[in-house]
Amino acid sequence: MKKNVLLNRLLPVDHEATAQLLHRSLVHWYQTHLNLGARYGTSHEPFLLFPQVYEALDPGQAIAARDAERKELLGVCFVHPRETHVSVGIVAIAPDAAAHGVARAMMEQAVELARSSHKPLRLVSSLLNLDSFSLYSRLGFVPHTMYQDMTVEVPAAGLAAHMPPGADRVREARPDEAARLADFEWELQGIRREQDYAFFLRNDVGSWKVWVLESAAGLDGFLVASHHPTFGMFGPGVARDAETAEALLWRALDARRGQSPLFLVQCSATDLIHTLYGWGARNAELHVAQARGPFPEARGIAFPTFLPESA
Ligand SMILES: CC(C)(COP(=O)(O)OP(=O)(O)OC[C@H]1O[C@@H](n2cnc3c(N)ncnc32)[C@H](O)[C@@H]1OP(=O)(O)O)[C@@H](O)C(=O)NCCC(=O)NCCS
């Protein structure tokens with residue numbers, strides 16, 4: 001590493017500095033490369049939710065890079081060990097510390113954690129960001145599923161589109177359904193992470209709703225929605241088919257009247273995407289799910305999110 005950097009754990013006392021770093025890093029990168037810095041707003045405060053959620057889910061797992069002399073925070077990398085795999089959440093570097101190998105050094109620790117626990121490492125990365133794509137690609141990640149980020153402006157009076165079949169049967173999950181959701185994801189997507197679902201259902205950090213749709217045969221799908229004022233995104237979620245995905249999304253959008261939630265839809269779900277265009281959806285970005293190590297064959301439709309990372 002060319003810079004004199006110390007790697008250790010991110011602590012709760014670092015949360016304010018972490019939020020400032022995330023905000024500064026994203027504004028700088030998206031502004032200088034894509035002229036889109038404004039999308040991250042003028043305040044770092046919304047970014048406090050990231051370290052808070054990760055610390056609640058995986059205490060002491062996030063990696064911090066600090067200036068070895070001044071101890072100032074230069075980079076963060078959120079790491080999330082799960083039953084079947086390890087996920088990496090947002091990786092961000094202070095703009096003046098970029099291109100010195102700091103992100104690579106943090107990622108190598110995540111790679112080592114996955115290697116020593118014999119699990120694949122997974123993440124979702126932006127297809128508009130060649131810096132992060134190259135970082136992950138050089139470390140051995142292979143892209144497998146492409147997603148379009150879509151956003152729908154939900155009018156205060158609700159969506160103009162008709163309620164699709166099944167949406168009237170979508171209900172909120174019960175507090176004791178975490179294992180059921182995790183088993184369903186395992187069955188369709190080949191990954192399992194019950195602790196995430198228990199976290200959403202406890203609902204004590206962030207603000208989450210978990211929507212489910214089932215039939216007599218069992219679960220057909222579920223979708224988590226963040227109702228936090230600073231993070232309006234849907235996911236994670238899994239649906240058995242496009243009709244179920246449509247019903248879940250419609251219900252989740254209807255509960256966000258006057259807002260413009262963001263969600264990732266896999267590009268292969270063409271019928272769903274065209275229905276969403278009919279509801280007024282706009283494309284906001286493109287992401288690709290990547291894995292370092294084997295990734296299981298997946299069935300159904302998955303909705304990954306960025307918080308917590310849920311590839
Ligand atoms: C993406 C980001 C984390 C990279 O951090 P960084 O510290 O500058 O990255 P590093 O210097 O550790 O590594 C970058 C690697 O990619 C390589 N690289 C960069 N651009 C490349 C390109 N176009 N082609 C091939 N390789 C490239 C570098 O050579 C380096 O590889 P090496 O270590 O094997 O030489 C940083 O730009 C950032 O914080 N961006 C804003 C936040 C963000 O978008 N995060 C990612 C999404 S969550």
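The preceding data block contains the structure.
Residues numbered from 1 in each chain as written. Predicted model: local features only at pLDDT ≥ 70, side-chain atom pairs only at ≥ 80, totals over all residues. Heavy atoms only, no water.

Visitor: Would you mind going over the pattern of salt bridges with me for this structure?
Guide: Opposite charge on two side chains permits pairing when their charged atoms draw close. Tallying each qualifying case throughout the model produces 23 salt bridges. Linking Arg-171 and Glu-214 is a salt bridge whose minimum nitrogen-to-oxygen distance equals 2.7 Å. Linking Arg-171 in strand β7 (residues 171–172) with Glu-214 in strand β8 (residues 208–215), this pair joins segments that are 43 residues apart in sequence. We classify Arg-171 as partly exposed; its relative accessible area is 22%. Salt-bridge contacts for Lys-209 lead to Glu-172; the nearest nitrogen and oxygen are separated by 3.4 Å. Taken together, the residues span a long stretch of sequence, with Lys-209 in strand β8 and Glu-172 in strand β7 at a distance of 37 residues. Using a relative accessible area of 26% as the deciding quantity, one classes Lys-209 as partly exposed. When its relative accessible area of 42% is taken as the criterion, Glu-172 is described as partly exposed. Among the ionic contacts, a cluster of salt bridges with common partners joins Arg-171, Arg-174, Asp-176, Glu-177, Arg-180 and Glu-214. (Salt bridge = Lys/Arg side-chain N within 4 Å of Asp/Glu carboxyl O. Helix = DSSP H or I, 4+ residues; strand = E, 2+ residues; numbered from the N terminus. Buried < 20%, exposed > 50% of the residue type's maximum accessible area, 1.4 Å probe, protein only.)

Visitor: Where do I start with the side chain of Ser-126 in this structure?
Guide: Its location among the elements puts Ser-126 in strand β5 (residues 121–126). Residue classification places Ser-126 among the buried positions, given a relative accessible area of 7%. Within the structure, the side chain of Ser-126 is placed 2.5 Å from the side chain of Glu-285, a separation counted as a polar contact. Setting aside residues no more than four positions away along its own chain, Ser-126 makes contact with Tyr-30, Ser-132, Glu-285, Leu-286 and His-287. (Polar contact = N/O pair within 3.5 Å; in protein donor to acceptor, adjacent residues only side chain to side chain. Contact = heavy atoms within 4.5 Å.)

Visitor: Just to check I follow, could you spell out the pairing of strand β6 (residues 142–151) for this structure?
Guide: Walk down a regular strand and you will see the side chains alternate between the two sheet faces. Note: β6 against strand β12 (residues 282–292), nine bridges, orientation antiparallel. Directly across from Asp-149, in β12, lies its bridge partner Glu-285. Strand direction decides the pairing type here: β6 and strand β11 (residues 262–266), joined by five bridges, are antiparallel. Residue pairing for β11: Asp-149 is matched across the bridge by Leu-264. (Pairing = 2+ DSSP bridges.)

Visitor: Just checking my understanding: could you explain a nonpolar patch on the surface for this structure?
Guide: A cluster of nonpolar side chains, contributed by Leu-34, Leu-36 and Leu-128, occupies part of the molecular surface with about 190 Å² of accessible area. Relative to the assigned elements, Leu-34 resides in helix α1 (residues 15–34). We classify Leu-34 as partly exposed; its relative accessible area is 30%. (Patch = residues over 30% accessible without salt bridge, like charges linked within 9 Å, V, L, I, M, F, W, Y side chains within 5 Å. Areas by Shrake-Rupley, 256 points an atom, 1.4 Å probe, with all protein chains shown as cover.)

Visitor: Just checking my understanding: could you explain the packing of aromatic side chains for this structure?
Guide: Two measures describe an aromatic ring pair: the distance that separates the ring centres and the angle between the ring planes. Summed over all chains, the structure comprises 14 aromatic pairs. When the ring of Phe-47 is compared with that of Phe-50, the centres are 6.0 Å apart and the planes differ by 20°; the resulting orientation is stacked. The two residues Phe-47 and Phe-50 agree in class, both being buried. Linked through ring pairs, Trp-29, Tyr-30, Tyr-40, Phe-47, Phe-50 and Phe-231 together constitute an aromatic cluster. (Phe/Tyr/Trp six-rings, centres within 6.5 Å; stacked < 30°, edge-to-face > 60°.)

Visitor: Just checking my understanding: could you explain the layout of surface pockets for this structure?
Guide: Vacant regions in the atomic arrangement are exposed by a probe of water-molecule size rolled over the atoms. Roughly 310 Å³ of internal volume is contained in the second largest pocket. What lines the second largest pocket is a set of 25 residues, and nearest its centre among them are His-144, Thr-145, Tyr-147, Gln-189 and Ala-298. For the lining of the second largest pocket, the secondary structure elements donating two or more residues are β5, β6, α5 (178–189), β10 (234–239) and β13 (301–303). Looking at the lining of the second largest pocket, its residues break down into 13 nonpolar, seven polar and five charged. (1 Å grid on protein atoms, 1.4 Å probe; cavity = no way out; pocket = protein on both sides within 12 Å on 5 of 7 lines; lining within 4 Å. Points joined across faces, edges and corners; volume = space filled by probe spheres on them. Nonpolar A, V, L, I, M, F, W, Y, C, P; charged D, E, K, R; others polar.)

These figures capture arrangement, not role.
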